[in-house]
Amino acid sequence: MSSHTPDVGGPETGLAAGPCGPAPDDLLPTGDAAGAQPAWAPAPPPSAAVRAIVALALAEDAPHGDVTAQGLIPEAAMAAAAVVARVPGVLSGSGVFAEAMRQADPLVSVEFLLQDGSPFNAGDTLARISGPARGVLLGERVGLNLLQRLSGIATATAELVTLVRQSGGHARVADTRKTTPGLRVLERYAVRCGGGSNHRDNLSEAVMAKDNHLALLGSGQELTSALLAAKARWGHTVHVEVEVDRFEQIDPVLAAGVNTIMLDNFSLAETARAVQHIAGRAIVEASGTVTAATIGAIAATGVDVISSGAITHSVKALDLGLDFELAAATEFVPLAVRLAERAREANA
């Protein structure tokens, strides 16, 4: 396997540039190709955001330093460790992990053996770490927490993307705004690493009229008129999406010329009927009760997008561990013991 130093993040400015949709079918991560480098590169999160998130996490975890390591481990002690996968998955967050180690101690070196978006198997070594032992111990938990969560999201997303392709459907798998507060930029990146697409990033980025909006706008011609008036105010460059939860809402929404119609919790039969009725006049998105067990059948109806909040709000962190290499660890343990003995003698 080739190795590389992970990028901390993308440009300092706002939204990351580059691909944010799913990878081409023949480039999707698969367990059969574990260890292979992806032929596509998901756009990384902005580096300033990565640094800020890591700094907050380290300040929370060690507001006054690591008293355990400071008391037990000599300042000059060096350590070598490896990030090892306990389960198979798809990697995401290598640059975030490296930033956690960098902020813990700039002398810590991190070398990932895989790029983000690459699949791996249980037992694979994903990264090698070396440097001051105190720094490695200080950055360990924050780095692993973020790496495990982001890789869990990438893995869950890749599973859904694969199931869509196996169904014969063409739909993109998209995330939602149901993300961990403060971590949205990272979790959206993890979705891209799994071959998924990002929905709107925030309330300011695009228009999405949901059920509570529609409840205040009326139905039928009232709804059409309200949407047309709002579209005139927004201008032609704004993407407009409207969520419907009943079939009879579709025609009034179509009459307003919206860009995307979201079918919320439609049955499979209703979804297929809606796709045929809309007939390409708008992008069709399906949402609600999307799981690995249901997504294939949903995709087979012909929808264009399937959005899932579960890939970010209910994902299980992937089981990854930081294993210290015994040979390196034994080098500083005797020194720590000798220092403790000298301290006791000095106080005797």
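Residues numbered from 1 in each chain as written. Predicted model: local features only at pLDDT ≥ 70, side-chain atom pairs only at ≥ 80, totals over all residues. Heavy atoms only, no water.

(A) Looking closely at the overall build of the protein. Of the regular secondary structure elements, the protein holds twelve helices and twelve strands. Long-range contacts, defined here as pairs at least 24 residues apart, represent 76% of the contacts in the protein between residues at least 6 apart. Element-wise, carbon and sulfur atoms account for 55% of the exposed surface of the protein, whose accessible area totals about 16200 Å². (Helix = DSSP H or I, 4+ residues; strand = E, 2+ residues; numbered from the N terminus. Contact = heavy atoms within 4.5 Å. Areas by Shrake-Rupley, 256 points an atom, 1.4 Å probe, with all protein chains shown as cover.)

(B) Focus on the sheet that holds strand β3 (residues 109-112). Spatial strand order, β3-β5-β1-β12: four strands in an open sheet with antiparallel pairing. The strands lining the two open edges of the sheet, one partner per strand, are β3 and β12 (320-324). Here the strands of the sheet are splayed against their neighbours by 20 degrees on average, with no regard to which way each runs. Here strand β1 (residues 78-85) runs beside β12; their pairing, made up of five bridges, is antiparallel. Opposite V84, over in β12, you have G321 as the bridge partner. Against the sheet, helix α3 (residues 94-104) contacts β1, β3, β5 (125-132) and β12, and its axis sits at roughly 165 degrees relative to β3. Helix α4 (residues 133-167) rests against β1, β3, β5 and β12 of the sheet, and its axis sits at about 160 degrees to β12. (Pairing = 2+ DSSP bridges. Axes fitted to C-alpha atoms, helices over the stretch in contact; angles between N-to-C directions.)

(C) A look at the sheet that holds strand β10 (residues 283-287). Pairing in this open sheet of six strands is parallel, and the strands run β6-β11-β10-β9-β8-β7 from one edge to the other. Bordering the open sheet on either side are β6 (172-174) and β7 (207-209), each of which pairs with just one other strand. Sheet twist, expressed as the average angle between the axes of neighbouring strands with direction ignored, equals 25 degrees. The sheet contact formed by strand β9 (residues 260-264) and β10 spans five bridges and is parallel. What sits directly across from L263, in β10, is A286.

(D) Structural detail: the packing of aromatic side chains. Scanning the model with the defined rule gives one aromatic pair in all. Ring geometry for F97 and F112: centres 5.8 Å apart, planes at 85 degrees, overall edge-to-face. One end of the pair, F97, is in helix α3; the other, F112, is in strand β3, with 15 residues separating them in the sequence. Just above the ring of F247 sits the side chain of R273; from NZ or CZ to the centre is 3.6 Å. (Phe/Tyr/Trp six-rings, centres within 6.5 Å; stacked < 30°, edge-to-face > 60°. Lys NZ or Arg CZ within 6 Å of the ring centre and 35° of its normal.)

(E) Geometry of the pairing of β10. Counting buried positions over the five residues of β10 gives four, a clear majority of the element. Assessed by its sense of winding, the connection that carries the chain from β9 through helix α9 (residues 268-278) to β10 is right-handed. The pairing of β10 with strand β11 (residues 305-307) spans three bridges and is parallel. Of the residues in β11, the one forming a bridge with A286 is I306. (Buried < 20%, exposed > 50% of the residue type's maximum accessible area, 1.4 Å probe, protein only. Right-handed = clockwise from strand over helix to strand, strands pointing away.)

(F) Main features of helix α5 (residues 184-193). When you tally the buried positions in α5, you get eight out of ten residues, the bulk of the element. Along α5, the residues that are buried comprise L186, E187, R188, Y189, A190, V191, R192 and C193. Buried residues in α5 make contact with α1 (47-61), β2 (89-90), α3, α4 and α11 (310-313). Trailing α5 by a residue or two, G195 shows a phi angle of about 90 degrees, which is positive.

(G) Fine view of the packing of α3 against α4. With their axes 8 Å apart at the nearest point, α3 and α4 run at an angle of 160 degrees to one another. Here α3 lies roughly antiparallel to α4, going by the angle between them. In this structure, α3 meets α4 at a crossing whose hand is right-handed. In this structure, α3 uses S94, V96, F97, A100, M101 and A104 to contact α4, whose residues at the interface are G135, V136, L138, G139, E140, V142, G143, L144, L146, L147 and L150. Residue composition of the contact of α3 with α4, by class: twelve nonpolar, four polar and one charged. (Parallel < 35°, antiparallel > 145°, perpendicular 65-115°, else oblique. Left-handed = near helix turned anticlockwise from the far one by under 90°. Nonpolar A, V, L, I, M, F, W, Y, C, P; charged D, E, K, R; others polar.)

(H) View of the nonpolar core. The biggest cluster of nonpolar side chains holds 51 residues, and the ones touching the most others in it are V242, I250, I261 and I306. In terms of residue count, the dominant contributor to this core is α4 (seven residues). Ignoring anything within four residues of it in the chain, the contact list for V242 reads A209, L214, L227, V253, V258, T260, I261 and M262. Counting residues in each nonpolar core, the second largest holds 21 residues, with V83, A98, F112 and L144 among its members. (Core = buried A, V, L, I, M, F, W, Y, C linked by side-chain atoms within 4.5 Å.)

(I) Structural context of the environment of G257. Considering the arrangement of structural elements, one finds G257 in the loop between α8 (250-255) and β9. According to the relative accessible area criterion, G257 is partly exposed, its value standing at 39%. Between the C-alpha atom of G257 and that of L228, which follows or precedes it by 29 residues, the distance is 7.9 Å.

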